[in-house]
Amino acid sequence: MVTRVATVAFEGIEVRAVDVQIQIIPGSVVFTIVGLPDKAVAESRERVRGALIASGLALPAKRITVNLAPADLPKEGSHYDLPIALGVMAAIGAIPADALAGYCVLGELALDGSITAVSGVLPAAMAAGERGLGLICPASTGPEAAWAGGELDVLAPRSLIQLANHFKGSQVMARPEPAVAALAGPLPDLADIKGQEGAKRALEIAAAGGHNLLMNGPPGSGKSMLAARLPSILPPLSPRELLDISMIQSVAGELKDGALSNRRPFRQPHHSASMAALVGGGLGARPGEVSLAHGGVLFLDELPEFSPQVLDSLRQPMESGAVMIARANHRVTYPARFQLVAAMNPCRCGQGLEPGYACRRGPNERCMAQYQARISGPLLDRIDLRIEVSAVTAADLILPAPAEGSREAAARVSAARALQGSRYAARGLPDSTTNATCPANLIEEVASPDADGTALIRQAAETMRLSARGFHRTLRVARTLADLDGETQVRRLHLAEALSYRGRGAGAAAAA
């Protein structure tokens, strides 16, 4: 007789059903796992053996074969421990044979019989609900699974003994409750920054339209402070966005104690990050920083210090909002709709724009050109806003605190986002669509300028040599400026300001 237990395999955030089949027959005493298991799955034998012994059970002195079907799908991870152990327990009569029929099971076992946390519980719970199954998962990830829906039957035991007692009716477990992570503290506020009014304006535009932003300025001018305050003016997460972001964090093992965070991600990788760290890959094709920043902000400080190959790997996810990691035996796709904010110095010494400063490497212009050439033109062309951030003087610092902070800016951003949501929802697009992600053919319709604006953009296309992408990105920024003003028509002043953000912020031509 064969005992069956349902579990899952992960392909990115997608879930594939796996059937764990256990057969115990007379023969030589051996415990075999087949079905393309990796090293972690193959080691399940010893963890299952130790956990059963600690729970007062022993493996029978027979031939035990575990088949993970489909057999041609590679199996990775330690979450197969619990379904294998429960299948063996059902096969030897330690729990009722039909107790597992309506559940999808995943969890890692410790040698003392306790069940420890695994990654991917949230997408597994949502997939189980779609298949009409309940979910058995570790106690520490129960709050995470509870977010999949109130109708989903979730069992979150701490040990094999507790689960066995539940099935016997001697210790009934309650359904876990969804949990939200406790806030670490208030977000940094724009009111903390004195001066830099132009940079604050650009930051508000970036937040309102979801635009990418590049800040170029000397050390100490406040570029990192500005970037850290962008999340404080972004609109709150919608329920759909919260689940999408949390599914990526669940697969990556980023959720602590199964609690979801209602704050937008803010990822700040070091400039020594590899391509696999940034876009994903490595063992098991894990999500990279671009996917962990999905729905939030990816901040790259000291942009030219990143490897040029690593930076150019951002071009495709910036355009499509997803990243595909291809391997010899499978392909994994992760969402990557992030907002890029980058900061850089004008040159390696950082003082190239200071009056009277002479660089040791030669003329200041050559020093700046060599440093800024590390950023490719196609990458710059995907950045909507490029600004110069001037140095902060002592006169700026002795000024009183700004009258406006993040709360006032966030209100304007929220109103602009609401206009965009209703506009694009009326055209059949998701209500989370922003001006930055609007399709090119549609942005020409919704951002069609007035007569004066048309004359200006025609003149700019000739003098600045705007590419097709540069033209559409100028329209996107102009549409955001009109939304911030509450106007339905894009006017000349909106286009003029939008064109001012396509300057030589990174040492490239305005229409690079």
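Everything in this summary refers to the structure shown in the same document. (Residues numbered from 1 in each chain as written. Predicted model: local features only at pLDDT ≥ 70, side-chain atom pairs only at ≥ 80, totals over all residues. Heavy atoms only, no water.)

### With respect to the overall build of the protein
Okay, so step 1: Counting its secondary structure elements, the protein contains 21 helices and 16 strands.
Okay, so step 2: Its C-alpha atoms give the protein principal-axis dimensions of about 85 × 50 × 45 Å.
Okay, so step 3: Across the protein, the fraction of contacts at a sequence separation of at least 24, relative to all contacts at a separation of at least 6, is 72%.
Okay, so step 4: Here the protein has roughly 21900 Å² of accessible surface; of this, 53% comes from carbon and sulfur atoms.
Okay, so step 5: Here the protein contributes 50 positively and 49 negatively charged side chains, and the mean placements of these two sets differ by 4 Å. (Helix = DSSP H or I, 4+ residues; strand = E, 2+ residues; numbered from the N terminus. Contact = heavy atoms within 4.5 Å. Areas by Shrake-Rupley, 256 points an atom, 1.4 Å probe, with all protein chains shown as cover. Lys, Arg positive; Asp, Glu negative; His and termini not counted. Charge placed at Lys NZ, Arg CZ, Asp CG, Glu CD.)

### Topic: the sheet that holds strand 12 (residues 297-300)
Okay, so step 1: In space, the 5 strands of this open sheet follow the order 11-12-15-10-16, with parallel pairing throughout. What marks the edges here is a single partner per strand, and that holds for strand 11 (266-267) and strand 16 (385-388).
Okay, so step 2: Summarising the sheet, strand 10 (residues 213-216) and strand 15 (residues 339-344) pair through 4 bridges and their orientation is parallel. Residue Leu214 lies in a different strand from strand 15, and its bridge partner there is Ala342. (Pairing = 2+ DSSP bridges.)

### Comments concerning the packing of helix 19 (residues 451-463) against helix 21 (residues 492-500)
Okay, so step 1: For the pair helix 19 and helix 21, interaxial distance at closest approach is 8 Å and the crossing angle is 25°. Relative to helix 21, the element helix 19 lies roughly parallel. Facing Asp452, Gly453, Leu456, Ile457 and Ala460 of helix 19, the residues of helix 21 in contact are Arg492, Leu495, Ala496 and Leu499.
Okay, so step 2: Classifying every residue of the contact of helix 19 with helix 21 by side-chain character gives 6 nonpolar, 1 polar and 2 charged. (Axes fitted to C-alpha atoms, helices over the stretch in contact; angles between N-to-C directions. Parallel < 35°, antiparallel > 145°, perpendicular 65-115°, else oblique. Nonpolar A, V, L, I, M, F, W, Y, C, P; charged D, E, K, R; others polar.)

### Brief notes about unusual backbone geometry
Okay, so step 1: Backbone torsion omega between Ala69 and Pro70 reads 5°, so that peptide bond is classified as cis.
Okay, so step 2: Considering the arrangement of structural elements, one finds Pro70 in the loop between strand 4 (63-69) and helix 3 (81-91).
Okay, so step 3: Phi at Leu36 is positive, roughly 60°, even though this residue is not glycine.
Okay, so step 4: With respect to the helices and strands, the residue Leu36 is situated in the loop between strand 3 (30-34) and helix 1 (39-42).
Okay, so step 5: Assessed through its relative accessible area of 44%, Leu36 is described here as partly exposed.
Okay, so step 6: Located in the positive-phi region is Glu302, a residue other than glycine, with phi close to 55°.
Okay, so step 7: Mapped onto the elements of the fold, Glu302 is located in the loop between strand 12 and helix 12 (308-312).
Okay, so step 8: According to the relative accessible area criterion, Glu302 is partly exposed, its value standing at 26%. (Buried < 20%, exposed > 50% of the residue type's maximum accessible area, 1.4 Å probe, protein only.)

### Brief notes about the nonpolar core
Okay, so step 1: Counting 48 residues, the largest nonpolar core has Leu213, Met215, Leu230, Val341 and Ile387 as the members making the most contacts within it.
Okay, so step 2: Apart from the residues within four sequence positions on either side, Leu213 is in contact with Ala202, Leu203, Ala206, Leu340, Val341, Ala342, Ile383, Leu385 and Ile387.
Okay, so step 3: Formed by 40 residues, the second largest nonpolar core is a distinct cluster that contains Leu59, Ile84, Leu86 and Leu109. (Core = buried A, V, L, I, M, F, W, Y, C linked by side-chain atoms within 4.5 Å.)

### Some points on helix 20 (residues 468-484)
Okay, so step 1: Its 17 residues place the ends of helix 20 25 Å apart at the C-alpha level, agreeing with the 24 Å of an ideal helix rising 1.5 Å per residue.
Okay, so step 2: Of all 17 residues that make up helix 20, 14 are buried, and the element is covered over most of its length.
Okay, so step 3: Remark: Gly486 follows helix 20 within two positions and exhibits a positive phi of approximately 75°. (Expected span 1.5 Å × (residues − 1).)

### Quick word on the packing of aromatic side chains
Each aromatic ring pair is specified by the distance between its two centres and by the angle formed by the two planes.
Okay, so step 1: In this structure the tally under the stated criterion is 2 aromatic pairs.
Okay, so step 2: Here Arg423 stacks its cationic end above the ring of Tyr424, 5.4 Å away from the centre of that ring. (Phe/Tyr/Trp six-rings, centres within 6.5 Å; stacked < 30°, edge-to-face > 60°. Lys NZ or Arg CZ within 6 Å of the ring centre and 35° of its normal.)

That is the geometry; function is a separate question.
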